[in-house]
Amino acid sequence: MIPTIYGIKNCDTMKKARAWLDGHGVTYDFHDYKSEGITKEKLREWSNEVGWETLLNRAGTTFRKLADGDKDGLNEKKALALMLAQPSMIKRPVLDLGGRRLVGFKPDVYAKEVRSRK
């Protein structure tokens, strides 16, 4: 299976992750969820696996600009609805390795988890 990396094309963290994959000879597909969208089913699948708290990018500009009322009382249902409406709120990248997903980019984690997929 070819891994799929999900994110936004112009995101600096995405650029680092893609450069790492390219530099290590890893073949992958890229899904830009800002331009191509993301399904509710895919978000729910990720949430079930890694937790909505891990998926929600609270540090990003999009989340910080939300009205306080949208931030109050966050739960899985509300967080998934926000991420579905504004995919920029999904932490980047999400690397789908088939059997599991890695959220965010840490070179040491990629070296450990992606190495066998070269």
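Just so we're clear, the structure is a prediction, and the values are computed from it rather than from any experiment.

(A) Highlighting the pattern of salt bridges. All told, the structure shown has 4 salt bridges when counted by the stated rule. Where Glu-113 meets Arg-100, a salt bridge forms, and the shortest distance between an N and an O atom there is 2.5 Å. Residue Glu-113 is found in helix α7 (residues 107-114), and its partner Arg-100 is found in the loop between β3 (94-96) and β4 (101-103); the two are separated by 13 residues along the sequence. A single network of salt bridges, built from pairs that share partners, joins Glu-45, Glu-49, Asp-96 and Arg-101.

(B) Inspection of the pairing of strand β1 (residues 4-7) at higher detail. Here β1 shows a buried face lined by Thr-4 and Tyr-6 and a second buried face lined by Ile-5 and Gly-7. The pairing of β1 with strand β2 (residues 29-32) spans 4 bridges and is classified as parallel. Across the sheet, residue Ile-5 finds its bridge partner in β2, namely Phe-30.

(C) Spatial organisation of α7. All of the buried residues along α7 are Tyr-110, Glu-113 and Val-114. Relative to the axis of α7, the buried residues are bounded by an arc of 80 degrees and lie together on one face. Exposed residues on α7 whose side chains face more than 90 degrees from its buried face are Asp-108 and Lys-112. Buried residues in α7 make contact with β1, α1 (12-23), β3 and β4.

(D) A look at the side chain of Ser-47. Checked against the element boundaries, Ser-47 lands in helix α2 (residues 40-50). Contacts of Ser-47, omitting those with residues within four sequence positions, involve Trp-52, Leu-55, Glu-76 and Leu-80.

(E) Up close: the nonpolar core. Ranked by internal contacts, the top residues of the largest apolar core, which has 33 residues, are Leu-21, Met-83, Tyr-110 and Val-114. Sorting the residues of this core by element identifies β1, α1, α2, α3 (52-55), α6 (76-85), β3 and α7 as the ones contributing at least two each. Apart from residues lying up to four places away in sequence, Leu-21 is in contact with Ile-5, Val-26, Tyr-28, Leu-95, Tyr-110 and Val-114.

Calculation criteria
- Residues numbered from 1 in each chain as written.
- Predicted model: local features only at pLDDT ≥ 70, side-chain atom pairs only at ≥ 80, totals over all residues.
- Heavy atoms only, no water.
- Salt bridge = Lys/Arg side-chain N within 4 Å of Asp/Glu carboxyl O.
- Helix = DSSP H or I, 4+ residues; strand = E, 2+ residues; numbered from the N terminus.
- Buried < 20%, exposed > 50% of the residue type's maximum accessible area, 1.4 Å probe, protein only.
- Pairing = 2+ DSSP bridges.
- Arc of directions from axis to C-beta.
- Contact = heavy atoms within 4.5 Å.
- Core = buried A, V, L, I, M, F, W, Y, C linked by side-chain atoms within 4.5 Å.

Everything listed here is a matter of coordinates, which is why it stays silent on function.
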